[in-house]
Structure formats: structure tokens, C-alpha cells
Amino acid sequence: MSDTVTITQVKSGIGSTEKIRATLTGLGLKMQKTVTRKDTPEIRGMIRKVQHLVRVEEKQC
């Protein structure tokens, strides 16, 4: 497992359920914004929930 995960939102959350929009907010994402998060099981679960809206890159430190 990598140390960090870079997440970029590539599709809009409009039309998605409130839980999915809340997950995007929890990850700190907005359209075309990229964030780097520590790779934890909690973050992986959030990514899995919105995997159809984001692009993920794993980085080894």
C-alpha cells in the first residue's frame, strides 16, 4: 500500500445522492481540484464510494 493518495474530481456530483456529495466534501474535493491524503482504510472507503467521479493516483514516499 502506498503512503499517500492523490485524488482529482473529474465529474460533477450534481444529480448524485446527498451521501455522495457529502463524501466529496469530506474528501475536500470540488470540480477539477486535486488533493493529497494519507492512505488509510477510511480514505479508501470514501474513494470507493465516489470512484465513478474521481481519478486516483498512488504515490510511494
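Details of the structure are given in the entry above.
Residues numbered from 1 in each chain as written. Predicted model: local features only at pLDDT ≥ 70, side-chain atom pairs only at ≥ 80, totals over all residues. Heavy atoms only, no water.

Engineer: For the sheet that holds strand β3 (residues 54–59), give the residues involved together with the corresponding values.
Structural biologist: A sheet is described by the order of its strands in space; here three strands give the open sequence β2-β1-β3, paired in antiparallel fashion. The outermost strands of the open sheet, each flanked by one partner alone, are β2 (34–38) and β3. Pairwise comparison of adjacent strand axes, ignoring direction, gives a mean angle of 25° for this sheet. Alignment of strand β1 (residues 4–9) against β3, held across six bridges, turns out to be antiparallel. Of the residues in β3, the one forming a bridge with Ile7 is Val56. Contacting β1, β2 and β3, helix α2 (residues 41–49) crosses the sheet at an angle of about 25° to β1. (Pairing = 2+ DSSP bridges. Helix = DSSP H or I, 4+ residues; strand = E, 2+ residues; numbered from the N terminus. Axes fitted to C-alpha atoms, helices over the stretch in contact; angles between N-to-C directions. Contact = heavy atoms within 4.5 Å.)

Engineer: Go over the nonpolar core with me, naming the residues and quoting the values.
Structural biologist: Listed in full, the 12 residues of the largest apolar core are Val5, Ile7, Ile20, Leu24, Leu27, Leu29, Val35, Ile43, Ile47, Val50, Leu53 and Val54. At the level of secondary structure, the elements contributing two or more residues to this core comprise β1, α1 (18–27) and α2. In terms of residues, this core owes the most to one element, α1, which gives three residues. Apart from the residues lying within four places of it in its own chain, the contact partners of Leu53 are Thr8, Gln9, Val10, Lys11, Ser12, Gly13, Ser16, Ile20 and Leu24. (Core = buried A, V, L, I, M, F, W, Y, C linked by side-chain atoms within 4.5 Å. Buried < 20%, exposed > 50% of the residue type's maximum accessible area, 1.4 Å probe, protein only.)

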